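Coordinate analysis (summary)
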Amino acid sequence: MAVYQIVQLGEDILRQKAQEVKKITPNIHKLLDNMAETMYEANGVGLAAPQIGISKRIVVIDIGEGLIELINPIIVEKSGEEIESEGCLSVPNVVGEVKRAKSVVIQALNRDGETVEYEAEGLLARAFQHEIDHLEGILFVDLATKLISKNEIKN
Ligand code: NI
């Protein structure tokens, strides 16, 4: 396994629409493994492939309840609204308030190519929306109403 360097705000790849995964190959499995390792190493709760410079619709998430791997994820249902503070490994040292759906249902393929569905609310719903946005080239700073540098918080 390997830890990737995380792409930072300003790099074009973060703004591109990521490519659909057409075939789940051993390389995709390796990518999933390495993405999870990179996320854990960075103490993140989610990571999308464009964040490691790979334009593919792949996401890993772990909010402390176990690893979730998503290939070609889509949101099929959204409800409610919630404003919470959010950050991103590609935009270090900045947090912002972002309004998102309170609960979502998402569908994706797992690493075996099976369709999986997750119903989530709260932090997990937020993580799904944040990571799926990455696949569209959208960053939380585009949506945030208040952006605060972490240095300001300390001072
Ligand atoms: Ni992010």
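This report concerns the structure included in the present document. (Residues numbered from 1 in each chain as written. Predicted model: local features only at pLDDT ≥ 70, side-chain atom pairs only at ≥ 80, totals over all residues. Heavy atoms only, no water.)

1. Thoughts on the coordination of the nickel ion
Heads up, the condition is: For Na, K and Ca the donor cut-off is 3.2 Å; for every other metal, N, O and S atoms count as donors within 2.8 Å. Water does not enter the count, which can leave sites looking incomplete. Numbering goes from the N terminus for both helices and strands, where a helix is a DSSP run of H or I of at least four residues and a strand is a run of E of at least two. Partly exposed residues are those whose accessible area sits between 20% and 50% of the maximum for their type, while under 20% is buried and over 50% is exposed, using a 1.4 Å probe and protein chains only.
For the nickel ion, every protein donor is listed as Cys88 (SG), His130 (NE2) and His134 (NE2), and the spread of their distances is 2.1 to 2.3 Å. Written as a sequence motif, the donor arrangement for the nickel ion is C-x41-H-x3-H. Taken together, the positions of His130 and His134, both in helix α2 (residues 122-135) and four residues apart, correspond to about one turn of that helix. Across the pair, exposure class does not vary: His130 and His134 are buried alike.

2. Examining the nonpolar core
Rules: We call a set of buried Ala, Val, Leu, Ile, Met, Phe, Trp, Tyr and Cys residues a nonpolar core when their side-chain atoms join them within 4.5 Å.
Ranked by internal contacts, the top residues of the largest apolar core, which has 18 residues, are Ile61, Leu70 and Phe128. Here the element with the most residues in this core is α2; it accounts for six residues.

3. Observations regarding the environment of Glu114
Using the following cut-off: By the convention used here, residues are in contact when the closest approach between their heavy atoms is within 4.5 Å.
Along the chain, the position of Glu114 falls in the loop between β6 (103-109) and β7 (115-121). On the accessibility criterion, Glu114 (45% relative accessible area) is partly exposed. For the pair formed by Glu114 and Gly80, sequence separation is 34 residues and the distance between their alpha carbons is 29 Å. Discounting residues that sit within four places of it in the chain, Glu114 has contacts with Ala108 and Leu109.

4. Focus on unusual backbone geometry
The phi angle at Asn43 is positive, at roughly 55°, despite the residue not being glycine. With respect to the helices, strands and loops of the structure, Asn43 is situated in the loop between α1 (26-41) and β1 (46-48). Positive phi, normally seen in glycine, also occurs at Asn93, with a value near 70°. Here Asn93 shows up in strand β5 (residues 91-100). The class for Asn93 is partly exposed, based on a relative accessible area of 44%.

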